[in-house]
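Next come the chains, spelled out residue by residue.
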Amino acid sequence: MQKVLVLDFGAQYSQLIARRIRECNIYCEVKPYTITPDEIRAFDPIGVVFSGGPQSVYEETSPHIDPAIFRMGLPILGICYGCQLMAYTLGGTVSAATEATAREYGKTLTHFDTSDTLFSGLPETSVTWMSHGDYISAVPAGFTVTATTGVCPTAAMADRAQRLYGVQFHPEVMHTEYGAQMLRKFLFDVCGAAGDWTMRDYRASAIAAIREKVGSGRALLALSGGVDSSVAAALMAEAIGSQLTCVFVDHGLMRKDEGDEVEAAFSKWDIHFVRVNAEVQFLSKLAGVSDPERKRKIIGEEFIRVFEAEARKIGKVDYLVQGTIYPDVIESGLGNSAVIKSHHNVGGLPDYVDFREIIEPLRMLFKDEVRQLGRELGLAEYLVMRQPFPGPGLAIRVIGEITKDKLDILREADFIFRDEVAKAGFDRSMNQYFAVLTNMRSVGVMGDGRTYDYTLALRGVTTSDFMTADWARIPYELLDRVSTRIVNEVRGINRIVYDITSKPPATIEWE
């Protein structure tokens, strides 16, 4: 299998670089910049990409690499800080920019030497995305300048003989007009990639690896019903069948019919499926609680207690399976990189279980790849394309105190919203959409009588990364059908509003 290595220098876009490479059907991994030449040889990549980073290469505390990496004969592409690091390490000069010279942020008109491999066949002038306060004032010996801007003398450089390339801009972001084509030219024309890595390959190799590791042992998986845990369960089921036990804790906070759908989806595999109906237990713990953070902690702690109790009933189990995916690993920090956010399922064995080892079969996959793998495994489409759902479930979509009555009202209203969106074919136009039962009541008129019922909020967003999001422009006709159905079919709701706030300043969820 051909592989590409991405070295992370603390960039916010390292994950995005890897995704763009994977989209070309080429396997890649993100590793910390502290990797040694021997470790690179062991990984055996066909090419290396240096990410950007927030520091200045001429500072002693900034991240650097072993110069021997440049003598390994591998094609290397440096992006932003990675380009400056290449220049600095190989004898060029990197200087601090001023507001008048070479400092650039945002969309920038850039001029290209189209005789260079990275830019051949592309326009001589196009827009790139810049974000740099330093610049390369002199390129190393053997390099030529291959792109410039109005203020930056080295927007790109290349030593074609050594297959070393650097770009000051970010080709991995959508704002760079021909960035995807530039990356493809590096991967295919410089590195010689075949672009033949697929989820079918991953499925076969992952199943073989799981069987070799588990042997005759037993594995336990906490199945939430979300995409990641469901695909992990399906992959493990294909690999070890009856040696796998899935514990599905139904806490009564799921959407309409989801518990039954999860159970039905796994009936085709010869596994031990344990469904724990713990609604009464969870709701009793949540009684009278309005603060969203307290809700989250109570649900998380209770989930652990229930899962732990079921694990004891099962007896000795050798492996704990988790649905960790690649963004979880990257965001939790690589080497000396900044932690974007810590993930509970990254970092080792939980302290409340007694297993030999954790198995994370999706650890190297991005979310879109997880969905592709789910389809390869024959997992039901309603699970593969399931809407993102918070761990605490509907508990944080019922504003204020939680009761079974409120949950049932929200379940029905949310189902109607999702049903009408799907019928209209608008479900693929939004990345997430759901209903929120507010704790606000208002006066209404229904059947010539006065009502005093809840206000329901609808939320729909479009996003590429869930870090930022824009509110979805749902057609008025669709919103009208949703509103009409909900007030007619769901008791307790007499007013419906649509959230038109983007993230930031708001968050996607209300709590």
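Scope of this entry: the structure provided in the associated data block.

### Here's the deal with the packing of aromatic side chains
Stage number 1. Overall, the coordinates contain 16 aromatic pairs when judged by the stated rule.
Stage number 2. Residues Phe 266 and Trp 269 carry aromatic rings whose centres are separated by 5.7 Å and whose planes lie at 40 degrees to one another, so their mutual orientation is tilted. By the burial criterion, Phe 266 is buried, and Trp 269 matches it.
Stage number 3. Grouping aromatic residues by their ring pairs yields a cluster made of Phe 9, Tyr 33, Phe 50, Phe 70 and Tyr 81.

### A look at the sheet that holds strand 4 (residues 76-79)
Sheets are built from strands that pair by backbone hydrogen bonding, the pairs being arranged parallel or antiparallel.
Stage number 1. The strand order 2-1-3-4-11-10-9-6-7 describes an open sheet built from nine strands, whose pairing is mixed. The open sheet has two free edges, formed respectively by strand 2 (27-32) and strand 7 (125-132), since each of these has just one partner strand. Averaged over neighbouring strand pairs, the angle between their axes works out to 25 degrees when direction is ignored.
Stage number 2. Sheet topology places strand 1 (residues 3-8) next to strand 3 (residues 47-50); four bridges connect them, and they run parallel. Paired with Leu 5 across the strands is Val 48, a residue of strand 3.
Stage number 3. Packing against the sheet, helix 4 (residues 179-190) makes contact with strand 1, strand 3, strand 4, strand 6 (104-112) and strand 11 (164-167), and its axis sits at approximately 165 degrees to strand 4.

### Side note on the sheet that holds strand 13 (residues 244-250)
Stage number 1. One open sheet holds the five strands; their spatial order is 14-13-12-15-16, and the pairing between them is parallel. Taken across any chain shown, the strands that pair with only one partner, and hence form the sheet edges, are strand 14 (272-277) and strand 16 (357-359). Pairwise comparison of adjacent strand axes, ignoring direction, gives a mean angle of 25 degrees for this sheet.
Stage number 2. In the sheet, strand 12 (residues 219-223) pairs with strand 13 via five bridges, with the strands oriented parallel.

### Considering the pattern of salt bridges
Stage number 1. Under the defined criterion, the tally for this structure stands at 38 salt bridges.
Stage number 2. The residue Arg 275 makes a salt bridge to Glu 263 at a minimum N-O spacing of 2.8 Å. Within this pair, whereas Arg 275 is found in strand 14, its partner Glu 263 is found in helix 7 (residues 258-265), the two being separated by 12 residues in sequence.
Stage number 3. You can call Arg 275 partly exposed: its relative accessible area is 24%.
Stage number 4. Residue class for Glu 263 comes out partly exposed when judged on its relative accessible area of 34%.
Stage number 5. One salt bridge connects Arg 363 with Glu 360, and the closest N-O pair in it is separated by 2.5 Å.
Stage number 6. A relative accessible area of 29% means that Arg 363 is categorised as partly exposed.
Stage number 7. Each of Asp 419, Glu 420, Lys 423, Arg 481, Arg 485 and Glu 489 takes part in a single network of salt bridges with overlapping partners.

### Focus on the layout of surface pockets
Stage number 1. What the second largest pocket holds in volume is close to 300 Å³.
Stage number 2. Taken together, 15 residues form the lining of the second largest pocket, with Tyr 202, Ala 206, Ala 209, Glu 360 and Pro 361 sitting closest to its centre.
Stage number 3. Those elements that provide at least two residues to the lining of the second largest pocket are helix 5 (199-214) and strand 16.
Stage number 4. Take the lining of the second largest pocket: its biggest share by element is six residues, from helix 5.
Stage number 5. Classifying every residue of the lining of the second largest pocket by side-chain character gives 11 nonpolar, one polar and three charged.

Definitions and cut-offs
- Residues numbered from 1 in each chain as written.
- Predicted model: local features only at pLDDT ≥ 70, side-chain atom pairs only at ≥ 80, totals over all residues.
- Heavy atoms only, no water.
- Phe/Tyr/Trp six-rings, centres within 6.5 Å; stacked < 30°, edge-to-face > 60°.
- Buried < 20%, exposed > 50% of the residue type's maximum accessible area, 1.4 Å probe, protein only.
- Pairing = 2+ DSSP bridges.
- Helix = DSSP H or I, 4+ residues; strand = E, 2+ residues; numbered from the N terminus.
- Axes fitted to C-alpha atoms, helices over the stretch in contact; angles between N-to-C directions.
- Contact = heavy atoms within 4.5 Å.
- Salt bridge = Lys/Arg side-chain N within 4 Å of Asp/Glu carboxyl O.
- 1 Å grid on protein atoms, 1.4 Å probe; cavity = no way out; pocket = protein on both sides within 12 Å on 5 of 7 lines; lining within 4 Å.
- Points joined across faces, edges and corners; volume = space filled by probe spheres on them.
- Nonpolar A, V, L, I, M, F, W, Y, C, P; charged D, E, K, R; others polar.

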